[in-house]
Amino acid sequence: MGRDSITKNLAKPPMIIDAHQHFWQLDLPFQYDWLHTPQHKAICRSYLPADLKTHLQKCGIDKSVFVQTQHDVAENRWVLKLAEQNDFIAGVVGWVDLTSDKCEEQLAEFVDHPKFVGIRHVVQDEPNDDFIVQPEVIRGLKVLEKRSVPYDLLFYTKHLKHAVTLGKQLPDLPMVIDHLSKPKIKDQITTGWAEDLKAAAKFPNIYCKLSGMVTEADWKNWKPADLMPYVETALEAFGPNRCMYGSDWPVCELAATYEQVYETLTGLISSLSHPEREMVLGGTAQKFYGLDV
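The next point concerns the overall build of the chain. Summing up its helical and strand segments, the chain has 10 helices and eight strands in all. Radius of gyration (C-alpha) of the chain: 18 Å, near the 19 Å computed for a compact globule of 293 residues. For the C-alpha atoms alone, the extent of the chain along its principal axes is close to 45 × 45 × 40 Å. For the chain, buried positions account for 56% of its 293 residues. Partitioning the contacts of the chain with sequence separation of at least 6, the portion at a separation of at least 24 is 81%. Surface exposure of the chain reaches about 12,600 Å², of which carbon and sulfur atoms provide 50%. Within the chain, the 40 negative side-chain charges are centred at a point lying 2 Å from the centre of the 31 positive side-chain charges.

Residues of helix α9 (residues 258-268) that are buried: Tyr258, Glu259, Val261, Tyr262, Thr264, Leu265 and Leu268. On its buried face, α9 is in contact with β1 (17-21), α2 (49-59), β7 (206-210), α8 (224-238), β8 (243-245) and α10 (274-289).

So, about the nonpolar core. Counting 87 residues, the largest nonpolar core has Leu141, Tyr151 and Leu210 as the members making the most contacts within it. Within the second largest apolar cluster, 14 residues are counted, among which are Ile17, Val67, Ala90 and Tyr207.

Quick look at the sheet that holds β7 now. Overall, parallel pairing links the eight strands, which are arranged β1-β2-β3-β4-β5-β6-β7-β8 in an open sheet. One side of each edge strand has no neighbouring strand; the edge strands of this open sheet are β1 and β8. In this sheet, adjacent strand axes meet at a mean angle of 30° when their direction is disregarded. Relative to strand β2 (residues 63-67), β1 runs parallel, the two sharing three bridges.

Time to look at the state of the cysteines. A covalent bond between the sulfur atoms of two cysteines is what we call a disulfide. For the coordinates displayed, the defined rule picks out zero disulfides. In this structure Cys252 is a free cysteine whose sulfur lies 10 Å from that of Cys59, the closest cysteine sulfur available.

Locating Asp87 in the fold gives a position in the loop between α3 (73-85) and β3 (89-94). When its relative accessible area of 59% is taken as the criterion, Asp87 is described as exposed. Between the alpha carbons of Asp87 and Ser64 there is a distance of 9.5 Å; along the sequence they are 23 residues apart. Discounting chain neighbours no more than four positions away, the residues touching Asp87 are Lys63 and Lys115.

Time to look at the confidence of the model for the chain. Taken over all residues, the pLDDT of the chain has a mean of 95, while the share at 70 or more is 96%. Note that residues 1-13 has pLDDT below 50 and, in this model, 20 contacts with residues that lie over four places away or in other chains.

Now for empty space enclosed by the protein. Across all of its chains, the model carries one cavity of 30 Å³ or more by this definition. Estimated volume of the largest cavity: approximately 90 Å³. The dominant element in the lining of the largest cavity, judged by the number of residues it contributes, is α9, at three residues. Split by residue class, the lining of the largest cavity holds seven nonpolar, five polar and no charged.

Our next topic: the packing of aromatic side chains. Inspection of every chain in the model, using the stated rule, returns 12 aromatic pairs. Between Phe30 and Trp78, the aromatic rings sit 6.2 Å apart at their centres with planes inclined by 55°, giving tilted as the arrangement. Taken together, the positions of Phe30 in the loop between β1 and α2 and Trp78 in helix α3 put the pair 48 residues apart, joining distant regions of the chain. Side by side, Phe30 and Trp78 carry an identical accessibility label, which is buried. Taking the centre distance of 5.3 Å and the plane angle of 65° together, the rings of Tyr245 and Tyr262 count as edge-to-face. Pair noted here: Tyr245 is in strand β8 and Tyr262 is in helix α9, with a separation of 17 residues, a long-range link. Residue Tyr245 shares its accessibility class with Tyr262, and that shared class is buried. Connected via pairs of aromatic rings, a cluster forms that spans Phe23, Trp24, Trp34, Tyr47, Phe66 and Trp249. Lying over the aromatic face of Tyr47, Arg45 brings its terminal NZ or CZ to 3.9 Å of the ring centre.

Rules used in this analysis
- Residues numbered from 1 in each chain as written.
- Predicted model: local features only at pLDDT ≥ 70, side-chain atom pairs only at ≥ 80, totals over all residues.
- Heavy atoms only, no water.
- Helix = DSSP H or I, 4+ residues; strand = E, 2+ residues; numbered from the N terminus.
- Rg over C-alpha atoms; globule rule 2.2 N^0.38 Å.
- Buried < 20%, exposed > 50% of the residue type's maximum accessible area, 1.4 Å probe, protein only.
- Contact = heavy atoms within 4.5 Å.
- Areas by Shrake-Rupley, 256 points an atom, 1.4 Å probe, with all protein chains shown as cover.
- Lys, Arg positive; Asp, Glu negative; His and termini not counted.
- Charge placed at Lys NZ, Arg CZ, Asp CG, Glu CD.
- Core = buried A, V, L, I, M, F, W, Y, C linked by side-chain atoms within 4.5 Å.
- Pairing = 2+ DSSP bridges.
- Axes fitted to C-alpha atoms, helices over the stretch in contact; angles between N-to-C directions.
- Disulfide = S-S within 2.5 Å.
- pLDDT = per-residue confidence, 0-100.
- 1 Å grid on protein atoms, 1.4 Å probe; cavity = no way out; pocket = protein on both sides within 12 Å on 5 of 7 lines; lining within 4 Å.
- Points joined across faces, edges and corners; volume = space filled by probe spheres on them.
- Nonpolar A, V, L, I, M, F, W, Y, C, P; charged D, E, K, R; others polar.
- Phe/Tyr/Trp six-rings, centres within 6.5 Å; stacked < 30°, edge-to-face > 60°.
- Lys NZ or Arg CZ within 6 Å of the ring centre and 35° of its normal.

So, in structure tokens, the structure goes:
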């Protein structure tokens, strides 16, 4: 289904989509080293579709988009099989090696799968803060641009300045900033982050996920009001047509239940018009990822 037809379908009864969730299975041969740390002990277990489905049903959410956790194409294959077995998984954001000469070859294996909808790399963990703007990475991103494959930007605030460079060099690549680029919500700092986010928003092909906020806040004492300045800044910069809801489950469970995350976000956007809320809660994700739902 093309993007134009997707947009036309938004006039139909809306579909609520969680645009950012994960699965992991600890007995698979993947690198889950980060889970085996004291601070992540609470989520150091396997999380699979049956676990998520319960939460989606409680919240009245129709579909979800899986987002990669591994720098390994084997995870793409594993999750695409899960998506084939579970209708509620509308899309899979996977991984290919953007720095490799085989990037396009790797992408070719997955790009025609109806539920393969994007690529992500864990840029936040790269030792080189300028990783995403290296020539070999830009070359890989141009492969995605050529194939119209969206890209998720997993940044810390220190990386957010690079969004402008990417916007200039890749004007036809749909990109989305995951977790608002992880602002310092616990310390209630917006300086620098807000300016860089607004600069990124000037590029119409760059979007923003209203996700991952509770784990950037005080895990034990956060309240919805702590998140409000960040949501308001993102909505002002990008508009509801380029903002989308994501739970970041099960990572969110470090600080909140799935239900608390969803209820908080819906409360924070309650002042938007009904059509605007529909976009944030599903329409934007459907359009951005070209979801065939």
